[in-house]
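# Close look at the chain arrangement
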Amino acid sequence: MELSTISQVSKMFGVSTRMLRYYEQIGLLSSVKKDDYAYRMYDEATVSRLQQIIVLRKLRIPLKQIALIFADTNAKTMLDVFMQSISEIDDEITALSTMRVILNNFVDALQSILGSKTDISTKTVLLNDPTVIAALNSLSLTKINFKEERSMDELNKANDMLTRLKNVRIVQLPPFTVASYHFIGANPEETAGDVMGKFLQDISLYEIKSDARMFGFNHPNPSKDREHHGYENWVTIPDDMDVPAPIVKKRFSGGLYAVHTIKFPDFHEWENLFNWVNESDEYDADFAPEGEEIMSGCLEEHLNWVYANHLNWPENHISKQLDLLLPIKPKR
């Protein structure tokens, strides 16, 4: 039986090791460990299942529904999931078709007017048809349709269209003092989080600083040239607070960031944020000179992390959301 390491599978499918570990945590994937070998290993059946998960995720099937499909071999369960998705997509197709008809009407109206004059009121085109206004008032959906018999390449292209970000926020982070912990080794995100979480509970940080925030970043990034990657956690603390080893006190100078919110573990959306900045007419990326060594200065803010730690990690009460923060500067 051929086995693949977690790093090999991560590179094979272009997904993060954190995502693979999360899928295992919620029971979608399983791994094995060789004797005297620390890494997770995946057999051919698990790799095949991961392929199925990726296809279903690109079809916008939620993880809970995917778990239902794998847990119940009854074809009706899968049918119900797919029929529900088709129903939602049909609504979206109707909305998009309405938008297209209305935009074509606007184009026809403008083309007929341009023959006689070049100046035109926006109101003349947009607000002169009550039927159009009624149709527009019914629209609130924004996705695109998937038609029958799409190839994987076409599915990927459709997925790329849907991942174009439209709600990126521009945020100026102020300077602040942080408690930092850095770990390089197997499962660095979990290890760093465990150490930092214990520190926060030991000092009851939330009671001292209820607005404390938690950030993290790869340090260094995963690479085929190194056995382990690392992760560094920052938690904001009062400026005059002392921290015990192995925690280190640091000062962050602040900066301007493009910010996009994701739900754990959708770290593949980093690529979407990079693309948004690259295509921006207003901003350029402002990466740190250390480059890949510290994830180019990008940050991941784990929302509600300090509060959840204070409540001893209630699974069903704190949403697993993160802000992805990419450093930017205005174009000159």
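Residues numbered from 1 in each chain as written. Predicted model: local features only at pLDDT ≥ 70, side-chain atom pairs only at ≥ 80, totals over all residues. Heavy atoms only, no water.

### Some details on the packing of helix α1 (residues 6-13) against helix α2 (residues 17-25)
- It is the contact of α1 with α2, at a shortest axis distance of 9 Å, that shows an interaxial angle of 110 degrees. By the angle between their directions, the pair α1 and α2 is classed as roughly perpendicular. α1 and α2 meet at a crossing whose hand is right-handed. Here Ile 6, Val 9 and Ser 10 of α1 lie close against α2, whose contacting residues are Thr 17, Leu 20 and Arg 21.
- Here the contact of α1 with α2 is built from residues that sort into three nonpolar, two polar and one charged. (Axes fitted to C-alpha atoms, helices over the stretch in contact; angles between N-to-C directions. Helix = DSSP H or I, 4+ residues; strand = E, 2+ residues; numbered from the N terminus. Parallel < 35°, antiparallel > 145°, perpendicular 65-115°, else oblique. Left-handed = near helix turned anticlockwise from the far one by under 90°. Contact = heavy atoms within 4.5 Å. Nonpolar A, V, L, I, M, F, W, Y, C, P; charged D, E, K, R; others polar.)

### Considerations on the nonpolar core
- One finds Trp 270, Leu 273 and Leu 299 to be the most contacted residues of the largest nonpolar core, which totals 26 residues.
- Listed by contribution, the elements that provide at least two residues to this core are β4 (176-184), β5 (214-218), β8 (255-263), α11 (270-279) and β11 (321-330).
- The element that contributes the greatest number of residues to this core is β11, accounting for five residues.
- Residues Tyr 23, Tyr 42, Leu 56 and Leu 63 belong to the second largest nonpolar core, which totals 21 residues. (Core = buried A, V, L, I, M, F, W, Y, C linked by side-chain atoms within 4.5 Å. Buried < 20%, exposed > 50% of the residue type's maximum accessible area, 1.4 Å probe, protein only.)

### Quick look at α2
- Extensive coverage of α2 is indicated by the burial of seven of its nine residues.
- Among all positions of α2, only Thr 17, Arg 18, Met 19, Leu 20, Arg 21, Tyr 22 and Tyr 23 are buried.
- After α2 finishes, the residue Gly 27 shows a positive phi value of roughly 90 degrees.

### A few points about the packing of aromatic side chains
- Taken as a whole, this structure holds ten aromatic pairs when the rule is applied.
- Ring centres of Phe 217 and Trp 234 lie 5.2 Å apart, and the angle between their planes is 80 degrees; on these two criteria the pair is classed as edge-to-face. Here Phe 217 is found in strand β5, whereas its partner Trp 234 is found in strand β6 (residues 230-236), with 17 residues between them in sequence. We note that Phe 217, like Trp 234, is buried.
- Both rings, one in Trp 270 and one in Phe 274, keep their centres 6.0 Å apart while their planes meet at 45 degrees; by these two values the pair is tilted. Placement of both Trp 270 and Phe 274 in helix α11 is noted, with a separation of four residues, approximately one turn of the helix.
- Judged by its relative accessible area of 10%, Trp 270 falls in the buried class. (Phe/Tyr/Trp six-rings, centres within 6.5 Å; stacked < 30°, edge-to-face > 60°.)

### A few points about the side chain of Thr 77
- Along the polypeptide, Thr 77 turns up in helix α5 (residues 75-114).
- When neighbours within four sequence positions are excluded, Thr 77 is seen to be in contact with Leu 68 and Asp 72.

### Quick notes on unusual backbone geometry
- Following Ala 245, the chain continues into Pro 246 via a peptide bond in cis, with omega recorded as 10 degrees.
- By secondary structure assignment, the location of Pro 246 is in the loop between β6 and β7 (248-252).
- Of note, the amide linkage connecting Phe 264 to Pro 265 takes the cis form, showing an omega dihedral of 10 degrees.
- Locating Pro 265 in the fold gives a position in the loop between β8 and α11.
- With phi around 55 degrees, Ser 204 is a residue other than glycine that occupies positive phi space.
- Under the relative-accessibility criterion, Ser 204 is labelled partly exposed at 29%.
- With a phi close to 65 degrees, Asn 312 is a non-glycine residue in the positive phi region.
- Its location among the elements puts Asn 312 in the loop between α12 (305-310) and β11.

### Considerations on the layout of surface pockets
- Computed from the structure, the second largest pocket encloses a volume of approximately 1100 Å³.
- If you go around the second largest pocket, you meet 41 residues; those closest to its centre are Ser 10, Ser 16, Thr 17, Asn 218 and Pro 222.
- When contributions to the lining of the second largest pocket are tallied by element, the ones reaching two or more residues are α1, α2, α9 (188-203) and α11.
- Per-element tally for the lining of the second largest pocket: the top contributor is α1, with four residues.
- A breakdown of the residues in the lining of the second largest pocket according to their chemical character gives 14 nonpolar, 15 polar and twelve charged. (1 Å grid on protein atoms, 1.4 Å probe; cavity = no way out; pocket = protein on both sides within 12 Å on 5 of 7 lines; lining within 4 Å. Points joined across faces, edges and corners; volume = space filled by probe spheres on them.)

### What about the pairing of β4?
- Where β4 lies against β7, five bridges are found, and the strand directions are antiparallel. In the sheet register, Ala 179 faces β7, and the bridge partner there is Lys 249.
- Here β4 runs beside β6; their pairing, made up of seven bridges, is antiparallel. Following the sheet pairing, Phe 183 is matched in β6 by Tyr 231. (Pairing = 2+ DSSP bridges.)

### Considerations on α1
- Within α1, burial applies to Ile 6, Val 9 and Ser 10. Seen end-on, α1 carries its buried residues on one side only, within an arc spanning 105 degrees.
- Turning to α1, the residues buried within the fold contact β1 (3-5), α2, β2 (41-43) and α3 (44-58).
- Of the residues trailing α1, Gly 14 is marked for its positive phi of about 65 degrees. (Arc of directions from axis to C-beta.)

Everything listed here is a matter of coordinates, which is why it stays silent on function.
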